[in-house]
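# Residue-level structural notes
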Amino acid sequence: VIHKKGSPMCRLLISAFSIFILLSSCSNQQELQINEADIVDVCDSIKQSFDLRDFDSMLLHFSEEVLINVDIPTPQGVKNIELNKESYRLLLEEIVKMADSYSYEISDMDVTINEDGTSAIVTSTLSETLIMSGQTINSTTYEKTTFELIEKKPMVTSFSAKLSKY
C-alpha cells in the first residue's frame, strides 16, 4: 500500500517510526551508561571474591590494562608501588599466605558518575588489621577506584591506595 505524502496515514507512520527510533536510541544509551547500582553491584562482587580469597574472580572486574598504584609511608618518605593486574594478584596471594589473620572494614564509600555515564569514581576508606608472626598491624588506607565501560560492562581501569598510617 502506498500512502501519499502528507496524508494522515503517512504522517502517522512517520510519527510512529520517529517514536520507535527515539525509544531505540534511549534504550541503547541506557545500556551504554554506568549507574550507581551497577557500580555498587561490582564493588560487592569484588568484596565477596576477596573475602573468599578468589583473586581470579575478583580480578575479572579489572581491565587488562588496569593501572594500580599503592603509596606506602616509610621512614624515608612515601614509596610508590606500581602494579599491573597479574602482579597485584600475586601480591594479594603473598599477603594472604604470610598473614595469620586479616580483617577489614570499608567506610565512607562515595560513588560519583561522570556526566555522560561512561565512567565512575569510587572513593572509600579501608581500615585493616593484619596479624603476622604474632605482630598486629593496623592501617588506614584511602582508596580511589575508576570504573569505565568496557564491552558494555563497568570495569576497574585504575586503582590507587594511599596508606596513611600503620
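Look up: the structure comes first, before these words.
Residues numbered from 1 in each chain as written. Predicted model: local features only at pLDDT ≥ 70, side-chain atom pairs only at ≥ 80, totals over all residues. Heavy atoms only, no water.

### Quick look at the pattern of salt bridges
All chains considered together, the criterion is met by 6 salt bridges. The salt bridge involving Asp51 is made with Lys47; its shortest N-O contact spans 3.1 Å. Within this pair, Asp51 and its partner Lys47 are both found in helix α2 (residues 36–51), separated by 4 residues, close to a single helical turn. For Glu86, the salt bridge goes to Arg89, with nearest N and O atoms at 2.3 Å. Residue Glu86 and its partner Arg89 are both found in helix α4 (residues 85–98); the two are separated by 3 residues, about one turn of the helix. Owing to a relative accessible area of 15%, Arg89 belongs among the buried residues under this scheme. When salt bridges with common partners are traced through the structure, they connect Asp56, Glu86, Arg89 and Glu93 into a single cluster. (Salt bridge = Lys/Arg side-chain N within 4 Å of Asp/Glu carboxyl O. Helix = DSSP H or I, 4+ residues; strand = E, 2+ residues; numbered from the N terminus. Buried < 20%, exposed > 50% of the residue type's maximum accessible area, 1.4 Å probe, protein only.)

### Looking at the pairing of strand β5 (residues 135–150)
With 14 bridges joining them, strand β4 (residues 119–132) and β5 adopt antiparallel strand pairing. Its bridge partner being in β5, Met132 is matched across the sheet by Gln135. Where β4 hands over to β5, the hairpin turn is made up of 2 residues, of which Ser133 adopts a positive phi near 50°. (Pairing = 2+ DSSP bridges.)

### Topic: α2
Between the first and last C-alpha of α2 there are 22 Å, a value that for 16 residues agrees with the 22 Å anticipated at 1.5 Å per step. Along α2, the residues classified as buried are Ile39, Val42, Cys43, Ile46, Ser49 and Phe50. Looking straight down α2, one finds that the buried residues subtend no more than 125° of arc, so they occupy a single side. Of the residues flanking the start of α2, the one acting as N-cap is Asn35, its side-chain oxygen 3.0 Å from the backbone nitrogen of Ala37. Looking at the residues trailing α2, positive phi occurs at Arg53, about 60°. (Expected span 1.5 Å × (residues − 1). Arc of directions from axis to C-beta. Polar contact = N/O pair within 3.5 Å; in protein donor to acceptor, adjacent residues only side chain to side chain.)

### Here's the deal with the nonpolar core
Counting 23 residues, the largest nonpolar core has Ile39, Met58, Phe62, Ile68, Tyr88, Phe147 and Val156 as the members making the most contacts within it. Of all the secondary-structure elements, those providing two or more residues to this core are α2, α3 (55–59), β1 (62–74), α4, β4 and β6 (153–165). Broken down by element, this core gets its largest block of residues, 5 residues, from α2. Beyond its immediate stretch of four places on either side in the chain, Ile68 contacts Phe62, Ile81, Glu82, Leu83, Asn84, Lys85, Tyr88 and Phe159. (Core = buried A, V, L, I, M, F, W, Y, C linked by side-chain atoms within 4.5 Å. Contact = heavy atoms within 4.5 Å.)

### Some points on the environment of Val122
Note that Val122 resides in strand β4. Here Val122 falls in the buried class, since its relative accessible area comes to 4%. Through-space distance from the C-alpha of Val122 to that of Cys43 is 9.2 Å; in sequence the pair is 79 residues apart. Excluding its chain neighbours within four sequence positions, the residues that come into contact with Val122 are Ile39, Cys43, Met109, Asp110, Val111, Glu143, Lys144, Thr145 and Phe147.

### Points about the environment of Ile34
With respect to the secondary-structure elements, Ile34 resides in the loop between α1 (8–31) and α2. Of the residues examined, Ile34 reaches a relative accessible area of 5% and is grouped as buried. Each C-alpha atom, one on Ile34 and one on Lys153, is 8.2 Å from the other, the two residues being 119 residues apart in sequence. Filtering out sequence-adjacent residues up to four positions away, Ile34 remains in contact with Ile39, Ile113, Gly117, Thr118, Ser119, Ala120, Phe147, Glu148, Leu149 and Pro154.

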